[in-house]
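# Structural features, examined
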Amino acid sequence: MPFDKQLPQGVSDLYSNDYEKKEYVIGQINQLTKLYGFKPIQTPTFEYYDLFMSMPNTLDTDQMIKLIDHDGKILVLRPDATIPIARMVASSADKKPFERLSYVTNIFRMQNGESDVFSRSFTQLGVECFKEKDAYVDVEMIVLAIESLQAIGVERFQIDLGQAKFFQSLLKTMNLTPADERLIQEKLEQKNESELEQVLGKYKIDKKSKNVLMRLTDLFGNPLSVVNEAKSLALNDDMREAIYELEWVVQQLEELNLADYISVDLGLVNNLNYYTGLMFQGYVHGFGRSIIQGGRYDRLTEEFGLPMDAIGFGVYIDQLIDVLEKQHHFLKHETIQVGVHSEKTIEAFQVARQLRQAGMVVNLFSYETELNVDLDQKLIQLRDEHTPFESTEDLIDKVGHMYGKN
Ligand SMILES: N[C@@H](Cc1c[nH]c[nH+]1)C(=O)O
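On a predicted model such as this, the values are computed, not experimentally measured, just so you know.

## With respect to the overall build of the protein chain
Along its length, the protein chain carries 13 helices and 15 strands. Put simply, the protein chain has 406 residues, and 48% of those count as buried. Surface summary for the protein chain: the accessible area is close to 21,400 Å², and the carbon and sulfur share equals 49%.

Set out below in structure tokens:
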């Protein structure tokens, strides 16, 4: 019986049209990350399940795709890129790894648990910077995120800035179990005010902390006014410090004339719980899911025995392509057809080479046997006695003209 050709749910083939879009988007952003000094690396597609479970409250077991190794140990397909990179950096032999690492990789993660098979494999491009904490790096990362989206022409996007330390320091005042904290975080992430209130009602928490927590559900918008309001809500020094750090970043971005791209959301939490300071997410108007997620994570490598401050972000490439498609950003590349006549083969190759050197996409066809090619795609025919183009400039001039480019 023939194989029934079906694919598992949530994965798909990528035909050249779509692959080219992906290649283009990745290429543009990579070009930029290189200019910022990031060096590409790769971690394995699967690793031990225990690696990801050693980070409490980060990824749920039912978000991961598991495999059994030959010795019975459980493996998982990479559900996150940042954790393995932290492992890699901490285990590098000379303990002096590159500071700035970048990657393009597939991530296998069921965002909403086991039943969510539709988004379980996606591509992420990311950068991670391992360097002693310095506020300018936080600013630089946001600038890189903004420039990455600008480089591919994304319109109407916004980067929401948050502060993990603000929320975490507030939680600390409540003395809850990790499971309770997780539940509160989940409700806050969903901005579900009524359920958050219900959940909070179950615990003995002082009124002040509860009120501040409830305020987080709508503490977002204009950066400096949110920051100012948050200052008056801070209940301890850590919360105050978190806000001052955020304020400084906002001020620098404003001075860099990037205020239009940013907003602050102090209710911003991420179920990837390794963030310790500045956090950010990139959104496009009219498109619900974030296309960029990142932040500072100063305690992750410590889990692997090498304390190192770090910050990074990941671009959700497939989601970004959906956005670009909606915003009609992909121009069709015109393919120039060059006819090859058996007595003029060399000339055809020469013309094709010149055109390609000028950056044009060229397909050859046999002028004698394939004359039925789509004549709408304008042809360069080499039937005549002379080669039609004198020089590359002449060629581009004429071809450009034929295609209305001049
Ligand atoms: N790993 C994060 C993105 C990130 C990279 N570096 C820091 N955060 C994610 O998958 O959303």
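So much for the structure itself; the text now carries on.
## Brief notes about the packing of aromatic side chains
Per the counting criterion, the structure on display carries six aromatic pairs. A ring pair is formed by Phe 122 and Tyr 316, whose centres lie 5.5 Å apart and whose planes are at 25°; its orientation type is stacked. Residue Phe 122 is located in strand β6 (residues 121–130), and its partner Tyr 316 is located in strand β12 (residues 310–316); the two are separated by 194 residues in the primary sequence. Overall, Phe 122 belongs to the buried group, its relative accessible area being 7%. Here the aromatic residues Phe 130, Tyr 274, Tyr 275 and Tyr 297 are joined through ring pairs into a cluster of three or more.

## A look at the packing of helix α5 (residues 164–172) against helix α10 (residues 237–255)
Two elements in contact, α5 and α10, have axes separated by 8 Å at closest approach and are oriented at 170°. In this view, α5 runs roughly antiparallel relative to α10, as classed from their interaxial angle. Of the residues in α10, those touching α5 at Lys 165, Phe 166, Ser 169 and Leu 170 are Asp 238, Met 239, Glu 241, Ala 242, Ile 243 and Glu 245. In terms of residue class, the contact of α5 with α10 is built from five nonpolar, one polar and four charged.

## Let's talk about the UniProt feature "binding site: L-histidine" (unreviewed entry) in the protein chain
Listed under "binding site: L-histidine" (unreviewed entry) in the UniProt record, and renumbered for this structure, are Asp 80, Ala 81, Thr 82, Arg 109, Gln 124, Glu 128, Tyr 274 and Tyr 275. In this fold, Thr 82 is placed in helix α3 (residues 82–90). Among residues more than four places away in sequence, those in contact with Thr 82 are Tyr 103, Glu 128, Tyr 274, Tyr 297 and Leu 300. Along the chain, the position of Tyr 274 falls in the loop between β9 (262–265) and β10 (278–284). The contacts of Tyr 274, once residues within four sequence positions are left out, are Thr 58, Asp 80, Thr 82, Ile 83, Arg 296, Tyr 297 and Leu 300.

## Focus on the pattern of salt bridges
In this structure the tally under the stated criterion is 19 salt bridges. Across the pair Glu 195 and Lys 187 runs a salt bridge, and its minimum N-O distance is 2.8 Å. Residue classification places Lys 187 among the buried positions, given a relative accessible area of 11%. Overlapping salt bridges, with partners in common, bring together Lys 133, Lys 165, Glu 241 and Glu 245 in one network.

## Remarks on the nonpolar core
Ranked by internal contacts, the top residues of the largest apolar core, which has 72 residues, are Ile 159, Leu 161, Ile 184, Leu 266, Phe 280 and Leu 320. A per-element tally of this core places helix α4 (residues 135–151) first, with nine residues. One finds Ala 86, Ile 107, Tyr 274 and Met 279 within the second-largest nonpolar core, a separate group that totals 28 residues.

## Some points on unusual backbone geometry
One non-glycine residue, Lys 5, lies in positive phi territory at about 65°. Residue placement: Lys 5 occurs in the segment before α1 (16–35). Residue Lys 5 is classed as exposed on the basis of its relative accessible area of 73%. Residues other than glycine seldom take positive phi values, yet Lys 191 does so here, at roughly 50°. When you line up the elements, Lys 191 lands in the loop between α6 (178–189) and α7 (193–201). Take Lys 191: its relative accessible area is 32%, and that puts it in the partly exposed class.

## Focus: the site of the ligand
Asp 80, Thr 82, Glu 128, Tyr 275 and Tyr 316 are the nearest of the 16 residues found near the ligand. Asp 80 is positioned with one of its side-chain polar atoms (N or O) 2.8 Å from a nitrogen atom of the ligand. A distance of 3.0 Å separates an oxygen atom of the ligand from a polar atom in the side chain of Gln 124. Protein chains shield 100% of the accessible area of the ligand, which is 300 Å² for the free molecule. Contributing elements (two or more residues each) for the shell around the ligand: β6, β11 (287–296) and β12. Of the residues forming the shell around the ligand, the biggest block, four residues, is contributed by β12. Looking at the shell around the ligand residue by residue, the classes come out as seven nonpolar, six polar and three charged.

What counts and what doesn't
Within any chain, residue numbers begin from 1 and follow the written order of that chain's sequence. It should be noted that, the model being predicted, local features are given only for residues of pLDDT at least 70 and side-chain atom pairs only at 80 or more, the latter also being counted only at that level, while totals for whole chains, interfaces and linings use all residues. To get the side-chain values, take all heavy atoms of the structure and skip hydrogens and water. Helix numbers and strand numbers start at the N terminus; a helix is a DSSP run of H or I with at least 4 residues, a strand a run of E with at least 2. Here the term buried applies to any residue with accessible area under 20% of the maximum for its type, exposed to any over 50%, and partly exposed to those in between, with areas from a 1.4 Å probe on protein chains only. All accessibility values rest on the Shrake-Rupley procedure with a 1.4 Å probe; residue burial counts only the protein chains present in the view. Centres within 6.5 Å make a pair out of two Phe, Tyr or Trp rings, where for Trp the six-membered ring is used; the pair is then stacked when the planes are under 30 degrees apart, edge-to-face when over 60, and tilted otherwise. Axes here mean lines fitted to C-alpha atoms, for a helix over just the part in contact, with angles spanning 0 to 180 degrees between N-to-C directions. Working definition: roughly parallel below 35 degrees, roughly antiparallel above 145 degrees, roughly perpendicular at 65 to 115 degrees, and oblique for all remaining angles. Should any heavy atoms of two residues lie within 4.5 Å, those residues are counted as being in contact. Throughout, the ten residues Ala, Val, Leu, Ile, Met, Phe, Trp, Tyr, Cys and Pro are labelled nonpolar, Asp, Glu, Lys and Arg are labelled charged, and all others, Gly among them, are labelled polar. UniProt positions are given in the numbering used here, feature names are shortened, and annotations may be inferred rather than shown by experiment. By salt bridge we mean one thing: a side-chain nitrogen of Lys or Arg within 4 Å of a carboxyl oxygen of Asp or Glu. Residues grouped as a nonpolar core are buried Ala, Val, Leu, Ile, Met, Phe, Trp, Tyr and Cys residues, joined through side-chain atoms within 4.5 Å. A molecule or strand has a residue near it when one of that residue's heavy atoms lies within 4 Å. Here a polar contact means two N or O atoms within 3.5 Å. Within protein one must be a hydrogen donor candidate and the other an acceptor candidate, and residues neighboring in sequence count only if both atoms are side-chain atoms.

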